[in-house]
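# Descriptive analysis of the structure
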Amino acid sequence: MDYCNNDFIPQNNYGAEQITVFYINDTHGDVTKVTKLKSAHDEFKKKNKKSALTFGAGDLYLGGDKARNSSMTKIYNSIKMNYTTAGNHEYDAGSEFYANNIKNAKFKTVVTNINIPKNNPLSKRLKDKKLVKSDIFTKNGTKFAVIGTSPSDKDIGTKDKNDKVSVMTIDETVAILNKEVEKLEAKGVNKIILLSHSGYGESGDLKIATETGGIDIIIGGHTHDELNGAIKGKNLVKSLRCEPVIITQAGSDNTNVGYLDVLFDKNGVIIEDKIQNNLVKLKNYPSSKNTEKILNKALGKNEVIAKVTIPFKPTCEDDERKAENPVASILADGMLRRAAAQKAEVAFFNAPSMKSSAIDNEITTYDIKYRMLPYDDDVVTITLTEKQFIDLLNREAKTIITKDLSQVLHCAGIKYTINKTDAKNNAICVSNVQFLDKDKNVTRTIDVQNPSETKTVKCSITKFLLQDSSLTDILKDVTPEQKVGNQQEIFIEQIKLNGELRAEKDGRLTIIE
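Residues numbered from 1 in each chain as written. Predicted model: local features only at pLDDT ≥ 70, side-chain atom pairs only at ≥ 80, totals over all residues. Heavy atoms only, no water.

### Quick word on the overall build of the chain
Put simply, the rule is: Strands are runs of DSSP state E lasting at least two residues, helices are runs of H or I lasting at least four, and both sets are numbered from the N terminus onward. Only C-alpha atoms enter the radius of gyration, while the globule expectation follows 2.2 Å times N to the 0.38, with N the number of residues. Contacts were defined at the residue level, with two residues in contact if any of their heavy atoms lie within 4.5 Å. Here the Shrake-Rupley method, with its probe set to 1.4 Å, supplies the accessible areas, and only the displayed protein chains count as covering residues. None of His or the chain ends enter the tally, which takes Lys and Arg as positive and Asp and Glu as negative. Each charge is placed at NZ for Lys, CZ for Arg, CG for Asp and CD for Glu.
Of the regular secondary structure elements, the chain holds 15 helices and 28 strands. A compact globule built from 513 residues would reach a C-alpha radius of gyration of about 24 Å, and the chain, at 24 Å, matches this within 12%. Its C-alpha atoms give the chain principal-axis dimensions of roughly 75 × 45 × 45 Å. In the chain, 77% of the contacts between residues at least 6 apart in sequence involve partners at least 24 apart. Of the roughly 21,700 Å² of accessible surface on the chain, 46% is carried by carbon and sulfur atoms. Within the chain, one finds 74 positive and 69 negative side-chain charges whose respective centroids are separated by 6 Å.

### Brief notes about the pattern of salt bridges
Formally: By definition here, a salt bridge exists when the distance from a side-chain nitrogen of Lys or Arg to a carboxyl oxygen of Asp or Glu is within 4 Å. Accessibility here uses a 1.4 Å probe with only protein chains present; expressed as a share of the type maximum, an area under 20% marks a residue as buried, one over 50% as exposed, and anything in between as partly exposed.
Under the counting rule described, the total for this entry stands at 30 salt bridges. The residue aspartate 135 makes a salt bridge to lysine 108 at a minimum N-O spacing of 3.4 Å. A residue pair is termed long-range when its members are at least 10 positions apart, and aspartate 135 in strand 7 (residues 134-139) and lysine 108 in strand 4 (residues 108-110) qualify at 27 residues. The exposure class assigned to aspartate 135 is buried, which follows from its relative accessible area of 16%. Residue classification places lysine 108 among the partly exposed positions, given a relative accessible area of 25%. Between arginine 502 and glutamate 500 there is a salt bridge, and its shortest N-O distance comes to 3.9 Å. A single salt-bridge network, built from bridges that share partners, covers Asp333, Lys440, Asp506 and Arg508.

### Some words on the packing of aromatic side chains
Just so we agree on the cut-off: Classification of ring pairs uses Phe, Tyr and Trp, with its six-membered ring standing for Trp, and accepts pairs whose centres are within 6.5 Å; under 30 degrees between planes counts as stacked, over 60 as edge-to-face, and the remaining range as tilted.
Tallied over the full model, the rule gives 16 aromatic pairs. The interplanar angle of 55° and the centroid separation of 6.0 Å between the aromatic rings of phenylalanine 348 and phenylalanine 389 together place this pair among those described as tilted. A residue pair is termed long-range when its members are at least 10 positions apart, and phenylalanine 348 in strand 18 (residues 346-350) and phenylalanine 389 in helix 11 (residues 386-398) qualify at 41 residues. The pair phenylalanine 348 / phenylalanine 389 is uniform in exposure class, with both members buried. Within the aromatic cluster, the residues linked to one another by ring pairs are Phe8, Phe22, Phe44, Tyr259 and Tyr285.

### Focus: the sheet that holds strand 28 (residues 509-512)
For sheets, the rule is that strands pair by backbone hydrogen bonds, running either parallel or antiparallel. This is how it is decided: Paired strands, in this sense, are two strands between which DSSP finds at least two bridges. The angle between two axes is taken between their N-to-C directions and runs from 0 to 180 degrees, where each axis is a line fitted to C-alpha atoms and a helix contributes only its stretch in contact.
A sheet is described by the order of its strands in space; here four strands give the open sequence 24-23-22-28, paired in mixed fashion. Each edge of the open sheet carries a strand with a single partner, namely strand 24 (442-445) and strand 28. Here the average twist between neighbouring strands, direction ignored, is 20°. Pairing geometry for strand 23 (residues 430-436) and strand 24, over three bridges, is antiparallel. From the neighbouring strand, glutamine 434 faces strand 24, where its bridge partner is threonine 445. Across the sheet, helix 11 is in contact with strand 22 (414-419), strand 23 and strand 24; its angle to strand 23 comes to roughly 125°.

### As for the state of the cysteines
Condition: Two cysteine sulfur atoms make up a disulfide if the distance between them is within 2.5 Å.
Applying the stated criterion to the full structure yields zero disulfides. Looking at the unpaired cysteine 411, the closest cysteine sulfur is the one in cysteine 459, lying at 11 Å.

What follows is the structure, encoded as structure tokens:
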């Protein structure tokens with residue numbers, strides 16, 4: 001049966017070399033929509049029998065849940081993934097965990113720009129060729145090569161105790177890619193595909209595309225962009241050799257998959273007017289019973305926690321991470337309630353701690369454990385001076401002007417304002433910091449221009465904030481006082497106490513453009 005008749009239809013190749021690619025990126029080990037992945041892939045394979053390839057562009061895994069991540073490997077094996085690269089989240093639980101996770105993969109992971117010490121566990125995967133710097137394959141009698149990048153803007157070795165894996169800088173990455181292309185071309189390959197988790201933009205894939213020669217296709221990830229079509233100057237650019245390079249990216253979290261169909265001329269160069277690059281909505285496809293069996297066996301049955309009476313439907317990731325997020329507010333409310341015995345006045349956590357918060361109809365255990373709060377961070381109490389509190393609030397608020405690194409704090413027990421213009425000018429960008437009681441009455445305020453270094457604020461926070469290297473200068477003398485729970489249990493408990501999930505904003509965070 002054809003579920004979506006217009007999806008994955010290849011163009012007529014008129015005798016030219018052709019490849020068609022089913023691509024995914026930044027799925028983050030999602031288990032709530034991944035059941036539809038195989039159905040979409042089956043449709044792709046049915047319509048693209050001769051030239052079909054399946055690629056990933058990193059962050060196909062997330063966190064340190066062994067059952068969840070091994071399930072992802074089985075699912076990617078089931079769609080016969082050809083190659084992927086490693087994003088930052090592949091390294092979430094350290095090199096040893098990641099090395100064990102891809103041990104049973106039937107696909108190769110390609111990363112050209114990482115440094116792997118001899119005694120690092122990933123060296124085992126280099127030996128068994130599950131992890132490679134580059135690879136050559138043949139499709140329809142024609143040689144192709146694939147290379148890959150991990151993100152230069154992330155420290156991927158933070159969980160390694162010794163012999164830490166590391167990523168090259170973006171300039172070093174460009175240089176090593178050019179060298180690898182030269183080696184591949186010397187072996188007779190003139191069609192080269194980069195699986196990139198360097199991110200879309202001038203310091204990522206655009207830089208790579210325009211400062212290298214010989215790369216034809218960049219299957220991208222990391223910044224969660226939706227790059228539909230082939231738009232000159234945007235995702236269709238010229239390389240150092242003035243040859244076209246097409247850049248793709250399919251968003252995140254299994255909302256879309258990508259379909260790329262390209263033709264090459266006799267010199268191995270992409271024909272510009274013969275590029276099809278389309279994003280396909282997974283929601284249009286049925287769930288795969290085989291995928292459901294894999295998940296149920298590994299993770300247990302998915303159970304409904306509560307009905308959603310007011311849904312949250314963000315139009316983009318900025319609605320979740322750079323604005324008041326009513327779903328995140330429910331978790332913050334629970335964190336504050338749990339720390340009431342410790343006399344906490346305020347609760348907060350950084351925006352990326354909740355990965356994806358869109359919700360409608362009902363909320364389930366899979367939504368909470370594997371999509372929204374996969375890290376399940378400890379929630380602890382700390383005591384800050386007013387100055388430390390404002391410095392922390394302001395430091396995280398300033399990240400609102402970044403493209404994909406926003407660490408804005410979701411909160412309970414306070415309301416505050418962020419001014420984006422002040423953030424751009426590197427000035428104090430938070431204001432109107434007001435502490436509230438349970439009835440939303442203002443109990444006290446802090447002068448953000450002159451916060452006290454003696455008055456204190458008792459806080460309920462996620463422990464990650466104390467481990468964040470970007471906050472060390474503010475929190476270096478702060479230690480956790482008492483653990484009050486974990487994110488998942490607190491969130492579930494708060495929803496059950498409310499009896500429903502009402503994603504309703506109440507004005508606790510105001511953004512001034």
